[in-house]
Amino acid sequence: MHATLPLLQATEFPALRRHALEILQVNVGYKCNMSCQHCHVNAGPNRTEMMDAETLALIPQVLAARDLHTLDLTGGAPELHAGFRDLVRAARAQGRKVINRCNLTILFEPGQEDLAEFLAEQRVEIVASLPCYSLDNVDKQRGKGTYDKSILALQKLNALGYGIPGSGLVLNLVFNPQGASLPPDQSALQADYQRELFDHFGIVFNQLLAIANMPIQRFGSMLISKGQFNDYMRLLHENFAAANLDTVMCRNLVSVDWQGFLYDCDFNQQLGLPLPGMGRPHLRDLLHQELQGHAICVADHCYGCTAGQGSSCSGASKAVIREESQLQMEVAK
């Protein structure tokens, strides 16, 4: 696989500093039941990196010590970690919101037959990857048969109350472009998803998050192989929107790798770019150390979170959505 970090280190991206920490995003391991083209983690069935029990036990302690409102669990497929369910229970017992970044097909893996019921019982918010509402596009990006399993999984989640108004069970979907392009307008695309999924399958969900593909790991290597890396970076640069800087995820989130080391975001984690000026901080350091005001490590891939509408783990930037709404109000006047 081609290394992308040497191509990203020289950058003019603006300097950023952290706001108050609110979200702990933990990558519990790189093992996954899938090997998707766009995966910036390079996860797959043959990956063996998994968080040990000692590090896992630190997570509820940090949530309490820093009074964080959200635990965001990712991977790989985080559900494949043997300690996943106990960790969810511990965080929910503290009253924290838990987000599970789910690939949907995991619901049909051996040993996961009751996973959907467990998530509903614990009232876990699901962020599920569905890169398109059409069969051909999903299977092209994620493998044959993925679309059918994803539809069945969404129907199962709906049957448990997920995505149903008033249930309190949140089901958000994630869109990724097929290749070296930016995602379209998030609100318009969400309307398309809602119409197509409901009309054909009776599926409902809460929100669509449109996320730009990051030029790192598997996707970045593919761009290099196809001679598209420089063009994609130029696209990101040309679509930079300064309004997105206040809402990028690294402002109020810290990313934790499977060994417990800290990074400004999941993308910096995959590039091995630790928090600047802090040596190599670990999860245990958060038991007694604040991060507010610290510098954020930036490189050229950061344009992927600020291009166009902006995107990260949270989809389009709220700042830009607010500006667009104000503009629409002015036009209406």
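Only a predicted model underlies this, so the values are computations on that prediction, with no experimental measurement involved.

Enquirer: Describe the packing of aromatic side chains, with residues and values.
Expert: Applying the stated criterion to the full structure yields 8 aromatic pairs. Residues Phe-13 and Phe-240 carry aromatic rings whose centres are separated by 6.1 Å and whose planes lie at 80° to one another, so their mutual orientation is edge-to-face. Taken together, the residues Phe-13 in the segment before β1 (16-17) and Phe-240 in the loop between α8 (229-238) and β8 (253-256) connect sequence positions 227 residues apart. Aromatic side chains Tyr-193 and Phe-205 sit 6.5 Å apart centroid to centroid with 80° between the ring planes, which places their arrangement in the edge-to-face category. Of the two residues, Tyr-193 sits in helix α6 (residues 186-201) while Phe-205 sits in the loop between α6 and β7 (207-210), which places them 12 residues apart along the sequence.

Enquirer: Kindly report on the pattern of salt bridges, identifying the contributing residues and their values.
Expert: Applying the stated criterion across every chain yields a total of 12 salt bridges. Across the salt bridge formed by Asp-192 and Arg-195, the nearest N and O atoms sit 3.1 Å from each other. In this pair, Asp-192 and Arg-195 both sit in helix α6, 3 residues apart, roughly one turn of the helix. Looking at Arg-195, the relative accessible area reads 39%, which means it is partly exposed. Each of Asp-192, Arg-195 and Glu-196 takes part in a single network of salt bridges with overlapping partners.

Enquirer: Describe helix α5 (residues 146-159), listing the residues and the values that go with them.
Expert: The end-to-end C-alpha distance of α5 is 20 Å, a good match for the 20 Å that 14 residues give at a rise of 1.5 Å each. The complete set of buried residues in α5 reads Thr-146, Tyr-147, Ser-150, Ile-151, Ala-153, Leu-154, Leu-157 and Asn-158. Across the axial projection of α5, the buried residues extend over an arc of 165°, all falling on one side. Positive backbone phi, at 110°, marks Gly-161, one or two positions downstream of α5.

Enquirer: Can you break down the sheet that holds strand β2 (residues 23-27) residue by residue, with the values?
Expert: Pairing is mixed in the open sheet, where 8 strands are placed in the order β7-β6-β5-β4-β3-β2-β8-β9. Across the chains shown, the open sheet's two edge strands, defined by having one partner strand only, are β7 and β9 (262-263). Examined bridge by bridge, β2 and strand β3 (residues 70-74) share 5 bridges and lie parallel to one another. Within the sheet, the bridge partner assigned to Ile-23 lies in β3 and is Thr-70. Its contacts with the sheet place helix α1 (residues 53-65) against β2 and β3, and it is angled at close to 170° to β2.

Rules behind the numbers
Residues numbered from 1 in each chain as written. Predicted model: local features only at pLDDT ≥ 70, side-chain atom pairs only at ≥ 80, totals over all residues. Heavy atoms only, no water. Phe/Tyr/Trp six-rings, centres within 6.5 Å; stacked < 30°, edge-to-face > 60°. Helix = DSSP H or I, 4+ residues; strand = E, 2+ residues; numbered from the N terminus. Salt bridge = Lys/Arg side-chain N within 4 Å of Asp/Glu carboxyl O. Buried < 20%, exposed > 50% of the residue type's maximum accessible area, 1.4 Å probe, protein only. Expected span 1.5 Å × (residues − 1). Arc of directions from axis to C-beta. Pairing = 2+ DSSP bridges. Contact = heavy atoms within 4.5 Å. Axes fitted to C-alpha atoms, helices over the stretch in contact; angles between N-to-C directions.

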